[in-house]
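Reading the structure
Letter by letter, the chains look like this.
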Amino acid sequence: SQKIEQNSEALNIQEGKTATLTCNYTNYSPAYLQWYRQDPGRGPVFLLLIRENEKEKRKERLKVTFDTTLKQSLFHITASQPADSATYLCALARGWNSGNTPLVFGKGTRLSVIA
Amino acid sequence: GAVVSQHPSWVICKSGTSVKIECRSLDFQATTMFWYRQFPKQSLMLMATSNEGSKATYEQGVEKDKFLINHASLTLSTLTVTSAHPEDSSFYICSARPTGGETGNTIYFGEGSWLTVV
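Cut-offs applied
Numbering of residues begins from 1 in every chain and follows the order in which that chain's sequence is written. Starting at A for chains and at 1 for ligands, labels are handed out in the order in which the entities are written. It should be noted that, the model being predicted, local features are given only for residues of pLDDT at least 70 and side-chain atom pairs only at 80 or more, the latter also being counted only at that level, while totals for whole chains, interfaces and linings use all residues. Neither water nor hydrogens contribute to the side-chain values; these are computed over all heavy atoms in the structure. By the criteria applied, helices consist of DSSP H or I runs no shorter than four residues and strands consist of E runs no shorter than two, each listed in order from the N terminus. Only C-alpha atoms enter the radius of gyration; for comparison, a globular chain is expected to reach 2.2 Å times N to the power 0.38, where N is the number of residues. Note on classification: 1.4 Å probe, protein chains only; a residue is buried when its accessible area is under 20% of the maximum for its type, exposed when over 50%, partly exposed between these limits. Only one rule defines a salt bridge in this text: a Lys or Arg side-chain nitrogen within 4 Å of an Asp or Glu carboxyl oxygen. Any two strands are treated as partners once DSSP identifies two or more bridges connecting them. A fitted line through C-alpha atoms represents every axis, and for helices the fit uses only the stretch in contact; the resulting angles, taken between N-to-C directions, go from 0 to 180 degrees. The criterion used for residue contact is that any of the two residues' heavy atoms lie within 4.5 Å. Polar contacts here mean pairs of N or O atoms no more than 3.5 Å apart (in protein, one a potential hydrogen donor and the other a potential acceptor; neighbouring residues in sequence count only if both atoms are side-chain atoms). For this text, the term disulfide refers to a pair of cysteine sulfurs within 2.5 Å. Here a cavity is any set of points on a 1 Å grid over the protein atoms alone where a 1.4 Å probe fits but cannot get out, and a pocket is any open set with protein on both sides within 12 Å along at least 5 of 7 lines; a residue lines the site when it has an atom within 4 Å of a point. Grid points are joined across faces, edges and corners, and a volume is the space filled by probe spheres set on the points. Think of it as three bins: nonpolar holds Ala, Val, Leu, Ile, Met, Phe, Trp, Tyr, Cys and Pro, charged holds Asp, Glu, Lys and Arg, and polar takes everything else, Gly as well.

Glancing now at the overall build of chain A. Helix and strand counts for chain A come out as zero helices and eleven strands. Seen in sequence order, chain A has helices and strands lined up from the N terminus as β-β-β-β-β-β-β-β-β-β-β. Against the compact-globule benchmark of 13 Å for 115 residues, chain A has a radius of gyration of 14 Å, which places it among compact chains. Considering only C-alpha atoms, chain A reaches an extent of 40 × 30 × 25 Å along its principal axes. Of all 115 residues assigned to chain A, the portion counted as buried reaches 46%.

Take a look at the structure:
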């Protein structure tokens with residue numbers, strides 16, 4: 001069966017450290033993978049998209065890697081701040097890359113950055 | 001940036017009544033919109049894919065007669081929860097993919113609508 005697994009339900013780290021979140025998938029062949037941030041009671045906010053032919057993508061303090069052999073993506077937040085505390089969701093296209101393809105989500109990792 | 005607006009943000013309704021949630025793309029056109037439901041501390045669960053001018057495609061286990069979806073224009077999709085029951089209480093989120101953009105481009109999410117059925 002198809003699965004998207006995010007390794008930790010919750011992750012606590014000290015301010016200034018690097019947070020690393022993991023997303024593993026089974027029985028998907030995604031053309032791209034996305035990461036979203038969700039704050040309590042709010043809709044998800046897009047952070048980064050990485051395509052299957054890209055190994056790494058960066059945006060300010062965020063870095064995403066994508067290993068299609070391992071079927072894994074890593075999401076890093078460097079120099080973490082309390083404002084980074086949120087739930088981070090991994091998402092990928094369920095089917096072939098078309099306009100009708102919906103995103104399916106992992107359960108998310110709730111990150112808490114402690115000052 | 002692109003904005004998807006949902007209305008209402010929260011609604012309380014009596015058991016047995018129907019409630020409509022609107023999803024609008026404010027600054028782009030969206031041939032396809034998606035509806036999700038999220039229970040507390042759970043992930044987003046896809047309910048249906050809404051296509052402008054045609055019938056929605058529902059996920060397995062989602063009752064199409066209970067969750068009516070209408071996508072009458074390129075900027076508006078509505079979800080109507082009919083004969084609502086307390087177990088329908090949840091956070092409903094829509095998302096939209098800009099039409100004509102590169103496939104794989106960002107999907108934008110609304111802020112969600114909290115439904116409480118009493």
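With that settled, consider the pattern of salt bridges. Residue and element names in this part refer to chain A. Considering all chains together, one arrives at seven salt bridges over all chains under this definition. Of the charged contacts in the structure, one is a salt bridge between Glu54 and Lys57, with a shortest N-O distance of 3.7 Å. Residue classification places Glu54 among the partly exposed residues on the basis of a relative accessible area of 22%. A residue is classified by how much of its surface remains accessible, and Lys57, at 27% relative accessible area, is partly exposed. Measuring nitrogen to oxygen at the nearest pair gives 2.9 Å for the salt bridge that ties Arg58 to Glu56. Looking at Glu56, the relative accessible area reads 39%, which means it is partly exposed.

Turning next to the sheet that holds strand S8 (residues 76-81) of chain B. Residues and elements named next belong to chain B. Strand order in the open sheet made by the four strands is S1-S3-S8-S7, with antiparallel pairing throughout. The open sheet terminates on both sides in strands that have one partner only, identified here as strand S1 (4-7) and strand S7 (67-73). The mean inter-strand angle of the sheet, taken between neighbouring strand axes irrespective of direction, is 15°. Where strand S3 (residues 19-25) and S8 come together, six bridges link them in antiparallel fashion.

This next bit is on the environment of A:Gln2. Residue and element names in this part refer to chain A. With respect to the helices, strands and loops of the structure, Gln2 is situated in the segment before strand S1 (3-6). Accessibility expressed as a relative area gives 41% for Gln2, which makes it partly exposed. Measuring from C-alpha to C-alpha, the distance between Gln2 and Glu56 comes to 24 Å, with 54 residues separating the pair along the chain. Setting aside residues no more than four positions away along its own chain, Gln2 makes contact with Thr26, Asn27, Tyr28 and Arg94. For Gln2, the side chain forms a polar contact with the main-chain oxygen of Asn27, separated by 3.1 Å.

This part takes up the state of the cysteines. Residue and element names in this part refer to chain A. The final tally for this structure, using the stated rule, is two disulfides over all chains. A sulfur-sulfur separation of 2.0 Å characterises the disulfide bridge that pairs Cys23 with Cys90. Across the disulfide from Cys23 to Cys90, rotation about the S-S bond amounts to roughly -60°, and the bridge is consequently left-handed. Placement of the pair is Cys23 in strand S3 (residues 19-26) and Cys90 in strand S9 (residues 86-93), with a sequence separation of 67 residues. Using a relative accessible area of 0% as the deciding quantity, one classes Cys23 as buried.

Let us look at the layout of surface pockets. Summary: where empty space remains is shown by rolling a probe the size of a single water molecule over the atoms. Its volume calculated, the largest pocket comes out at about 580 Å³. Of all the secondary structure elements, the ones that give two or more residues to the lining of the largest pocket are S1, S9 and strand S11 (109-114) of chain A. Residue classes in the lining of the largest pocket are distributed as nine nonpolar, nine polar and seven charged. A volume near 350 Å³ is recorded for the second largest pocket. Contributions of two or more residues to the lining of the second largest pocket are made by S1 and strand S10 (103-105) of chain A together with strand S5 (45-51) of chain B.

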